[in-house]
Every structure is written in structure tokens, then in C-alpha cells.
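Residues per chain are reported as follows:
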Amino acid sequence: MNELKFGDKVLQSRLIVGTAQYPNPDIMLKALEASGTQLVTVAIRRVNLEDDSEESLLNLVKDKFDVLPNTAGCYTAKEAILTAQLAREALGTSMIKLEVIGDDETLFPDIPELIKATEKLLDDGFTVLPYCNDDPVTCKRLADMGCAAVMPLGAPIGSGMGIRNPYNIMIIRDMVDVPLIVDAGVGTASDASIAMELGCDGILLNSAIAGAQHPVKMAHAIKLAVESGRLAYEAGRIPRKLYAKASSPLEGLISTSTTE
């Protein structure tokens, strides 16, 4: 399976996994390893960056995985920009998964504030990976601004509802040249496979693994689903047809008629 590239990252795995909500740190680490991920995302506003103990979240993951900081919990462009700057200073990376939430109930992104934060962070030299709606126009605008990838939601964060609008994902795939990574909504392995079959370059998820009854098993299942979905996309599926079409040719069939 070919590589996923954005910013200065070259990844063999097309699965990016979150670090929140696991039953305990041991299960988290085992699930991350089972997923095959190379890049894990951490909410900067929800970790203690001054905790340098061996048990701190960052120390648990940064020796085995690359860390992608995110601005989860930010509701304005100003908050998101300050959080990104803090992450760069603390972690030494200019890559940021940019979230600017507009509503507590749906956790949908606030697009005007997202655009404002994106513009500022790009000007400041950040590699921006924005979480956004599955709106082709928004995704195209973010890509044209210089974002290293676009990350439209498949469904609301943590809902596990899967890819609710596959047609928009297909349109986004046609409209943008940067990597397309579905972020949010994936609930199980089949959802991940569908997203990849639609042409997505990768999947970012957390709840589907962390909230599963057996997180390690689910992590392995989603790893395989991402790989198989990508292979299916590259292979090219057969066209859908309303009526049947025999898989064996009808010409040259042996006659079953009898003569008197």
C-alpha cells in the first residue's frame, strides 16, 4: 500500500488514532500498537504539558509514535491559535490538527472561525490539518489556502454513525488535490472501509477504538479495514447496474434441446 504524505510526514499507515477515553493507559498502548498507526493525536488543552513523569500521556506515546497535537476544546480562532502556538513550543512541531468547535451539542465546526484561525496559522508557518464539515466548498477553500490536508467529518464526533453523506465525500475527493482524511463518525471497521473505498487517503478516529468492548481487537479490525478499503479503491470496483448481467458468457452454450 503506497504512502500517505502531508507536510513533512511520510506514513506507511493510513490510520491516525486518538489517545482519549481508553479504560487505562495499558489498553491504550496495546490498541495503538494493534492499529498499526504511526501518528497519534493528543488534545493539548486536556494534557498537562508540565508533567514529565513516565506515566504522563505524552511520555507514554512519544517514544513509540509521532504526535499530532490538536486544538480540541477551542471555540474561537483566538483560542485555537494560542493552543497551536503552545503545542509548537512544547512539542517542537509545527503540525497541528485544527479544531474550532461552534456548538456544544453537535460539536460541529465553526467554519468562519476555522477559516480565520487557518489563515493566521498558515501565515505563522504551521502545517494545518483542519477538521471541517463534509462540505465540498469549504474543503476546496481550505485546500486552496494551503492546508496540508482536509479532514471532513463522516458524522458528528463520537456518534459512531459512519459515513452519512458518501456523495459529498466523493465530490470532495474530486475537488481537492491534498490528502482527504475522514475525521469523526467512524464507528466500526466497515465504516472505515467504506470511507477508504470512496477515495479517502486516510482515517482519523478515537471513539471507535477507545469505546469498543475490546479496544485492542477493534484496533486490529480497523487497521485491516483501512488497508482493504484502500486496496479496493485502487483496484476499481465494477459499475453498479440496475439489472443482472451474467458473469459467464451466453455464447456457445451447449444445447439442451432434444430432437425426435
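Residues numbered from 1 in each chain as written. Predicted model: local features only at pLDDT ≥ 70, side-chain atom pairs only at ≥ 80, totals over all residues. Heavy atoms only, no water.

1. Some words on the overall build of the protein chain
1) Next: Helix and strand content of the protein chain: nine helices and ten strands.
2) Next: Its C-alpha atoms give the protein chain principal-axis dimensions of about 95 × 40 × 35 Å.
3) Next: Per-residue burial over the protein chain gives 48% buried out of 260 residues.
4) Next: The contacts of the protein chain with a sequence gap of at least 6 include a subset with a gap of at least 24, amounting to 63%.
5) Next: Here the protein chain contributes 24 positive and 35 negative side-chain charges, whose respective centroids are spaced 4 Å apart. (Helix = DSSP H or I, 4+ residues; strand = E, 2+ residues; numbered from the N terminus. Buried < 20%, exposed > 50% of the residue type's maximum accessible area, 1.4 Å probe, protein only. Contact = heavy atoms within 4.5 Å. Lys, Arg positive; Asp, Glu negative; His and termini not counted. Charge placed at Lys NZ, Arg CZ, Asp CG, Glu CD.)

2. Quick word on the pattern of salt bridges
1) Next: Tallied over the entire structure, the rule returns 13 salt bridges.
2) Next: Between Glu99 and Lys97 there is a salt bridge, and its shortest N-O distance comes to 2.7 Å.
3) Next: Members of the salt-bridge network, linked through shared partners, are Arg173, Asp201, Arg230 and Glu234. (Salt bridge = Lys/Arg side-chain N within 4 Å of Asp/Glu carboxyl O.)

3. Some words on the environment of Leu242
1) Next: Residue position: Leu242 is located in the segment after α9 (215-235).
2) Next: It is 42 Å that separates the C-alpha atoms of Leu242 and Gln38, two residues lying 204 residues apart in sequence.

4. As for the side chain of Glu99
1) Next: In this fold, Glu99 is placed in the loop between β6 (95-98) and α4 (111-123).
2) Next: On the basis of relative accessibility, which here comes to 7%, the residue Glu99 falls in the buried class.
3) Next: Within polar-contact distance, the side chain of Glu99 engages the side chain of Lys97 at 2.7 Å.
4) Next: Residues contacting Glu99, with those up to four places away along its chain left out, are Asn70, Thr71, Ala72, Cys74, Ala80, Tyr131 and Ile157. (Polar contact = N/O pair within 3.5 Å; in protein donor to acceptor, adjacent residues only side chain to side chain.)

5. What about the nonpolar core?
Taken as a class, soluble globular proteins show a tendency for nonpolar side chains to be buried jointly.
1) Next: Val150, Ile203, Ile209 and Ile222 are the most contacted members of the largest nonpolar core, which has 64 residues in total.
2) Next: Those residues within four positions of Ile203 in sequence are excluded, and the remaining contacts are Arg14, Leu15, Ile16, Ile181, Val182, Val186, Ala192, Ala195, Met196 and Val226.
3) Next: By size, the runner-up hydrophobic cluster in this structure holds 13 residues, among which are Leu11, Ile16, Ala148 and Ile181. (Core = buried A, V, L, I, M, F, W, Y, C linked by side-chain atoms within 4.5 Å.)

6. Let's talk about helix α6 (residues 166-175)
1) Next: Turning to α6, its buried residues number three or more, namely Asn168, Ile169, Ile172 and Arg173. Down the axis of α6, the smallest arc covering the buried residues is 145°, so these residues share one side. Turned more than 90 degrees away from the buried face of α6 sit Tyr167 and Asp174, all of them exposed. (Arc of directions from axis to C-beta.)

7. Details of unusual backbone geometry
1) Next: Although it is not a glycine, Gln21 sits at a positive phi angle of roughly 75°.
2) Next: Tracing the chain through its elements places Gln21 in the loop between β3 (15-18) and α1 (25-35).
3) Next: Positioned with a positive phi, Ala184 is a non-glycine residue whose angle comes to about 95°.
4) Next: By secondary structure assignment, the location of Ala184 is in the loop between β9 (181-183) and α7 (189-197).

8. Here we look at the packing of helix α5 (residues 136-145) against α6
Working note: a packed helix pair is described by the angle between its axes plus the distance between those axes.
1) Next: The interhelical angle for the contact between α5 and α6, taken along N-to-C directions, is 30°, at an axis separation of 9 Å. As far as their axial angle goes, α6 and α5 are roughly parallel. In the packing of α5 onto α6, the handedness of the crossing is right-handed. Contacts from Pro136, Cys139 and Lys140 in α5 reach Asn168, Ile171, Ile172 and Met175 in α6. (Axes fitted to C-alpha atoms, helices over the stretch in contact; angles between N-to-C directions. Parallel < 35°, antiparallel > 145°, perpendicular 65-115°, else oblique. Left-handed = near helix turned anticlockwise from the far one by under 90°.)

9. Describing the pairing of strand β4 (residues 39-43)
1) Next: Most of β4 is tucked away: five of the five residues are buried.
2) Next: Burial of the side chains of β4 extends over both faces: Leu39, Thr41 and Ala43 are buried on one face and Val40 and Val42 on the other.
3) Next: For the crossover from β3 across α1 to β4, the handedness is right-handed.
4) Next: Of the strand pairs in this sheet, β4 and strand β5 (residues 66-70) are connected by five bridges, and their pairing is parallel. Bridge pairing links Thr41 to Leu68 in β5. (Right-handed = clockwise from strand over helix to strand, strands pointing away. Pairing = 2+ DSSP bridges.)

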